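Coordinate analysis (summary)
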Amino acid sequence: MTNILMMMIFVSILAFFLILAALLWGIKTKQFDDDYKFIILNDGEDALNDAIKLEKRKKEALAKKKEFKNSEEK
């Protein structure tokens, strides 16, 4: 009976340290960092329109940059 109890305690402690190691590894490698969280803001339509305009400007700037690189290669 005591042998089984000691084995269960050992296995439980081993499992605890394995889980702790996995958690610390996840924290160290930034697995739990979420820079782009989905946050519901109550800013209204103006903020959404500004975000859409900003995305359009980014796409246009990237397209111009790509076009400029293509023209330099020729």
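What counts, and at which threshold
Residues numbered from 1 in each chain as written. Predicted model: local features only at pLDDT ≥ 70, side-chain atom pairs only at ≥ 80, totals over all residues. Heavy atoms only, no water. Helix = DSSP H or I, 4+ residues; strand = E, 2+ residues; numbered from the N terminus. Areas by Shrake-Rupley, 256 points an atom, 1.4 Å probe, with all protein chains shown as cover. Expected span 1.5 Å × (residues − 1). Patch = residues over 30% accessible without salt bridge, like charges linked within 9 Å, V, L, I, M, F, W, Y side chains within 5 Å. Salt bridge = Lys/Arg side-chain N within 4 Å of Asp/Glu carboxyl O. Buried < 20%, exposed > 50% of the residue type's maximum accessible area, 1.4 Å probe, protein only.

This next bit is on the overall build of the chain. A tally of regular secondary structure across the chain gives two helices and zero strands. Total accessible area on the chain is roughly 8,000 Å²; 65% of this is exposed by carbon and sulfur atoms.

Glancing now at helix 1 (residues 2–28). Note on helix geometry: an α-helix contains 3.6 residues per turn, so any two residues three or four positions apart are oriented the same way. Taking 1.5 Å of rise per residue, the 27 residues of helix 1 would be expected to cover 39 Å, and the 39 Å separating its terminal C-alpha atoms lies within 8% of that figure. Immediately downstream of helix 1, the backbone of Lys30 shows phi near 60°, a positive value.

So, about a nonpolar patch on the surface. Where nonpolar side chains cluster on the molecular surface, the patch consists of Leu5, Met6, Ile9, Ile13, Phe16, Phe17, Leu20, Leu23, Leu24, Ile27 and Phe32 and spans about 1,100 Å² of accessible area. Tracing the sequence through the fold places Leu20 in helix 1. Residue class for Leu20 comes out partly exposed when judged on its relative accessible area of 32%.

Right, let's get into unusual backbone geometry. Phi at Lys30 is positive, roughly 60°, even though this residue is not glycine. Relative to the assigned elements, Lys30 resides in the loop between helix 1 and helix 2 (45–73).

With 29 residues, helix 2 should cover 42 Å at 1.5 Å per step; its first-to-last C-alpha distance of 42 Å lies within 8% of that length. Of all 29 residues that make up helix 2, zero are buried, and the element is exposed over most of its length.

It is worth stressing that arrangement in space is one thing and function is another; only the former is reported here.
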